[in-house]
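The chain contents come next:
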Amino acid sequence: MRALILNCSLKKSPEPSNTGRLAEVVATELRRLSADVRTIRLADLDIPPGVRTDLGDGDPWPEVHREILGCEILIFASPTWLGRPSSIAQRALERMDGMLSETDDEGRPVAYNRVAGVVVTGNEDGAHHVISEITGALVDIGYTVPGQSWTYWNMGPGPGPDYSDTDHGHDFSEQTGKAMAHNLFSVAHALRKVPIPAQP
């Protein structure tokens, strides 16, 4: 079983990523379940805007697209900014719009029989809104989103410390992150055994 985490932090490497740190909780549990997990930090790539898979002229998205299609489990990891997903998460979803016109050898949308989940961090409220925006887009593209395939951390209303600056709420975030990993792995395994058929 292969999993890919798209870290949509606005920070480039090697700057520490709070979002990446929480996503690693999920990755660790997936690895314990025998999944092969890879993370791509999208801020490290110069991804141009658009809704096609390949815009040419050095576009790095086709390689990301190949990684996406090479995995059964996709995880979007996004910080919360102004109560919304990061601009990088939005750009990634817009580039994935190109997948709507892509089909597999049996004529199914290429996202069929793949599962997706979401990791969210932020020192402000809005995590459930971010989760709903990202999962809604992924369902449109064709992904199966299992129940409770998300985890999040925030400090509630107003400014405050980042995820890496405090232990507040980590127990909840880590517990739901591990449950998220199990739900994603279980449904991906079920779809591998009994895949969604091609549409009539």
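See the structure printed just above.
What you see as residue numbers is a count from 1 along each chain, following the sequence as written. The model is predicted, so local features are restricted to residues of pLDDT at least 70 and side-chain atom pairs to those at 80 or more, both for listing and for counting; the totals for chains, interfaces and linings are taken over all residues. Side-chain measures here rest on the full set of heavy atoms in the structure, leaving out hydrogens and waters.

Explain the side chain of Thr-19 here, please?
Numbering of helices and strands runs from the N terminus, with a helix taken as a DSSP run of H or I at least four residues long and a strand as a DSSP run of E at least two residues long. Tracing the sequence through the fold places Thr-19 in helix 1 (residues 18-32). When accessible area is computed with a 1.4 Å probe and restricted to protein chains, residues below 20% of their type maximum are described as buried, those above 50% as exposed, and intermediate ones as partly exposed. Residue Thr-19 is classed as buried on the basis of its relative accessible area of 3%. It only takes one pair of heavy atoms within 4.5 Å for two residues to be counted as in contact. Setting aside residues no more than four positions away along its own chain, Thr-19 makes contact with Asn-7, Ala-77, Ser-78, Pro-79, Val-119 and Thr-121.

How should the pattern of salt bridges be read in this particular structure?
When the charged atoms of two side chains lie near each other, side chains of opposite charge can form a pair. A side-chain nitrogen of Lys or Arg and a carboxyl oxygen of Asp or Glu constitute a salt bridge if their distance falls within 4 Å. Throughout the structure, instances matching the rule amount to 10 salt bridges. For Glu-106, the salt bridge identified is with Arg-108, shortest N-O distance 3.6 Å. When its relative accessible area of 53% is taken as the criterion, Glu-106 is described as exposed. One salt-bridge network, in which partners are shared between bridges, spans Arg-2, Glu-72 and Arg-192.

Explain the packing of helix 1 against helix 5 (residues 170-193) to me, please; I cannot follow it from the model alone.
For any two helices packed against each other, one specifies the inter-axial angle together with the distance between the axes. Note on geometry: axes are C-alpha line fits, over the in-contact stretch for helices, and angles between N-to-C directions span 0 to 180 degrees. Following both chains from N to C, one finds helix 1 and helix 5 inclined at 45 degrees, their axes separated by 8 Å at the closest point. As judged from the angle between their axes, helix 1 and helix 5 are oblique. Where helix 1 crosses over helix 5, the handedness of that crossing is right-handed. In this structure, helix 1 uses Arg-21, Leu-22, Val-25, Val-26, Glu-29, Leu-30 and Arg-32 to contact helix 5, whose residues at the interface are His-170, Ser-173, Glu-174, Gly-177, Lys-178, Met-180, Ala-181, His-182 and Phe-185. Lys, Arg, Asp and Glu make up the charged group, whereas Ala, Val, Leu, Ile, Met, Phe, Trp, Tyr, Cys and Pro make up the nonpolar group; the residues left over, Gly among them, are polar. Grouping the amino acids of the contact of helix 1 with helix 5 by side-chain chemistry returns seven nonpolar, four polar and five charged. By the definition adopted for this analysis, an angle is roughly parallel if under 35 degrees, roughly antiparallel if over 145, roughly perpendicular if from 65 to 115, and oblique otherwise. Handedness of a helix crossing follows the sense of rotation of the near helix relative to the far helix, less than a right angle counterclockwise being left-handed and clockwise being right-handed.

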